[in-house]
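# Remarks on the overall topology
So the chains spell out like this:
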Amino acid sequence: MKFTKATLVASAAAMSLGLAACDGPTEEAMEDTGEQMESELDAQAEAMEDAGAPEAEVEAIEDKADAVEDTMEEQADTVGEEMDGNEM
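Being a predicted model, the structure only gives us computed values, none of them experimental. (Residues numbered from 1 in each chain as written. Predicted model: local features only at pLDDT ≥ 70, side-chain atom pairs only at ≥ 80, totals over all residues. Heavy atoms only, no water.)

Now for the overall build of the protein. What the protein contains, in helices and strands, is three helices and zero strands. Starting at the N terminus, the α and β elements of the protein follow one another as α-α-α. Split into buried and exposed, the 88 residues of the protein put 18% on the buried side. Carbon and sulfur atoms provide 56% of the accessible area of the protein, an area that totals close to 6600 Å². (Helix = DSSP H or I, 4+ residues; strand = E, 2+ residues; numbered from the N terminus. Buried < 20%, exposed > 50% of the residue type's maximum accessible area, 1.4 Å probe, protein only. Areas by Shrake-Rupley, 256 points an atom, 1.4 Å probe, with all protein chains shown as cover.)

Printed below as a string of structure tokens:
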């Protein structure tokens, strides 16, 4: 396979971005917790919908699920940034 300079530069750039985006174990755990909480709330919303709950109530639970995940991701990012700052 023949590689051009542009291909090699693009590959190197992608790898460095991937490394920069790596989360530490604490940050990953927090994000996983947020995803689990969102999943549980989504399952609750689906069960409510199946039981015939009003659409507004189902949407409120779905919105809460999204907010919980977003909040946990933001907190995880903050923790990750703080840990990155302490390592320097």
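Resuming the write-up.
Moving on to the nonpolar core. Counting residues in hydrophobic clusters, the biggest one holds eight residues: Leu41, Ala45, Met48, Val58, Ile61, Ala65, Val68 and Met72. Looking at this core, the elements that each hand over two or more residues are helix 2 (25-50) and helix 3 (55-87). If you tally residues by element for this core, the top one is helix 3, at five residues. (Core = buried A, V, L, I, M, F, W, Y, C linked by side-chain atoms within 4.5 Å.)

Counted at 1.5 Å a residue, the expected span for helix 2 with its 26 residues is 38 Å, and the 37 Å between its end C-alpha atoms agrees. Where helix 2 is concerned, the buried positions are Glu27, Met30, Glu31, Gly34, Glu38, Leu41, Ala45 and Met48. Of the residues trailing helix 2, Gly52 is marked for its positive phi of about 90°. (Expected span 1.5 Å × (residues − 1).)

Turning our attention to the environment of Ala53. Looking at the secondary structure, you find Ala53 in the loop between helix 2 and helix 3. For Ala53, a relative accessible area of 24% translates into the label partly exposed. Other than its neighbours up to four places away in sequence, Ala53 contacts Met48 and Val58. (Contact = heavy atoms within 4.5 Å.)

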